[in-house]
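Here is what each chain is made of, one letter per residue.
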Amino acid sequence: MRRWMVELSLALAATALGVVFLRTSISEGDSAPVAFEVATGVLAAAGLILFRRSRPVALTLVLIPLGILFALPMGATPVALFAVGLHRRPWVAASLVALHSVLVAAIYYIALGATRLYVESVVFLVLLHVSLVAIAMLIRSHRLLVASWAERARQAEEGQRLRVEQARLAERERLAREMHDVLAHRLSLLAVHAGALEVRRDASDGEQHAAGVIRATAHDALEDLRSVIHMLRAPAEDQPQPTLGDVPALVEQSRSAGADVGLTLDGGDGVPETVGRHVYRIVQEALTNARKHAPGAPVSVAISGGAEHGLDVTVHNTITAQGPAMPGAGTGLAGLRERVALVGGRLEHGPTAAGEFHLRAWLPWTQ
C-alpha cells in the first residue's frame, strides 16, 4: 500500500509540473490541442505509476519524445530520468540524459531558432534533468554503500557465530574426554566386581541378586555415559529422549534395586513429548534423592492431569535416617526448578509436618 501511495504522489507531482509547462505553452500560443495534451498527460502519469520501478529505461524512452512534442508529459520526464538514475547503472542514466539533451537542443532549435528563449529553455531543461539524475545516482551509491556495510556486518556476525560454535564444540570435546576418563573406568570396575560377587558360590541368594542389580545398573550407567559423550561430541536433534511412556520402566528399575516405589499414572494420553521429557527427569531426580537420603523408605509417585489443566507430578517419601550418607552436590533440585521455570511451570518441595519429604511440580500442557 505504501508503494502505491508513493507512485501516485509522484504521478500527481509530475502532472502538476506538466500543468505549469502547459500554461506557459498556452500563453505563448504554441501548444497542441488540449485534448491531445490531456491524453498524453494521462498516459504519462499511468506509465509512472505502473512502470517507474520495473521498466524505467523503456518508460523514459517513451516519455522523451512525448515531453518534447507535448507540454503536459514534460513533467513526467524528469521523474522517469530520476528513476533511471536510482535503479539502473550510471552509464545508462548518463546515456539517456545525453540523448534527451541532444534531442531537446535539436528540436527546439528547429522550432525556435537561435533566440534567447531557445537558450533559456534548453539550459533550464538540461540542467533540471542533469541535476535530478545526479541526485538519483548519489542516492543509489549511498544505498549500495549502506548495503555493503550491512553485508560486511552480517559476515562479521556469521564469523563470530562460527567461532563461538567452534569454541563450544571444543568445550564439548573436553567435557566428553573428562567424563570418559573419570567415570567410565570406575563404572567398569564396579560392574566387574559386581559380576564377580554375583557368581560367588558362597554368596546368598539376596547377595547375588543385589550384585546382579548393581552390575546391571553399572552397565546401564555406562550406556548412558556413552550416549551423553556421543551427544557432547556430535550433538544431533534426532537423539532419542525419554518421554512419559518411559516412566514405568524407570520406576521398575528402582524396584529392581530394592526400592518400594508406587506409581499412579492418570491422564497420560497425548502428552506432548517435551512435557513428557520434563516429567521423566523430575521423577528420575526425585527417585535418586529418595535413594540417597531415605534408603529403604517407600516412595509414592503420582502423575495426573490433562490438556485443560496441565500436568501434576507428585512424589513423596518418608524421611528416614537409615543407611550411609551418599555424596551429592545439592544441585539436582535447583536444576529441576530451572527446568520447570523455563516452561512456565511451578515446583514445590520440602519436608511436611507428617514427617515426609514432598515434591510437587505442575507443568503446562504445551506442544
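Before going into details, it helps to say that this report is about the structure given with it. (Residues numbered from 1 in each chain as written. Predicted model: local features only at pLDDT ≥ 70, side-chain atom pairs only at ≥ 80, totals over all residues. Heavy atoms only, no water.)

A word on a nonpolar patch on the surface. A grouping of Ile26, Val34, Val38 and Val42 is seen on the molecular surface, where their side chains present a nonpolar patch of about 350 Å² in accessible area. Sort the elements by how many residues they give to the nonpolar patch and helix 2 (residues 34-51) lands first, with three residues. Here Ile26 shows up in helix 1 (residues 2-28). (Patch = residues over 30% accessible without salt bridge, like charges linked within 9 Å, V, L, I, M, F, W, Y side chains within 5 Å. Areas by Shrake-Rupley, 256 points an atom, 1.4 Å probe, with all protein chains shown as cover. Salt bridge = Lys/Arg side-chain N within 4 Å of Asp/Glu carboxyl O. Helix = DSSP H or I, 4+ residues; strand = E, 2+ residues; numbered from the N terminus.)

Further remarks concern the sheet that holds strand 2 (residues 299-306). Across a sheet, paired strands are connected by hydrogen bonds in the backbone, their directions being either parallel or antiparallel. A sheet is described by the order of its strands in space; here five strands give the open sequence 1-2-3-5-4, paired in mixed fashion. Whereas interior strands pair on both sides, the edge strands pair on one side only; in this sheet they are strand 1 (261-265) and strand 4 (346-351). Strand-to-strand, the axes of this sheet are offset by a mean angle of 10°, without reference to chain direction. The sheet contact formed by strand 1 and strand 2 spans five bridges and is parallel. Its bridge partner lying in strand 2, Leu263 is registered against Val301. Helix 9 (residues 273-293) contacts strand 1, strand 2, strand 3 (310-318) and strand 5 (356-363) of the sheet and is inclined by roughly 5° relative to strand 3. In the packing of helix 10 (residues 332-342) onto the sheet, the strands contacted are strand 4 and strand 5, and the crossing angle to strand 4 comes to about 155°. (Pairing = 2+ DSSP bridges. Axes fitted to C-alpha atoms, helices over the stretch in contact; angles between N-to-C directions. Contact = heavy atoms within 4.5 Å.)

Compared with the 33 Å implied by 1.5 Å per residue over 23 residues, the 32 Å span of helix 5 (residues 90-112) between its first and last C-alpha is a close match. Restricting attention to buried positions, one finds in helix 5 the residues Val92, Ala93, Leu96, Val97, His100, Ser101, Val104 and Tyr108. In the stretch just after helix 5, Gly113 is the one whose phi turns positive, near 80°. (Expected span 1.5 Å × (residues − 1). Buried < 20%, exposed > 50% of the residue type's maximum accessible area, 1.4 Å probe, protein only.)

Here the focus is the packing of aromatic side chains. Taken as a whole, this structure holds one aromatic pair when the rule is applied. Here the aromatic rings of Tyr109 and Tyr118 are separated by 5.6 Å at their centres, their planes lie at 75°, and the arrangement is edge-to-face. Here Tyr109 falls in the partly exposed class, since its relative accessible area comes to 46%. (Phe/Tyr/Trp six-rings, centres within 6.5 Å; stacked < 30°, edge-to-face > 60°.)

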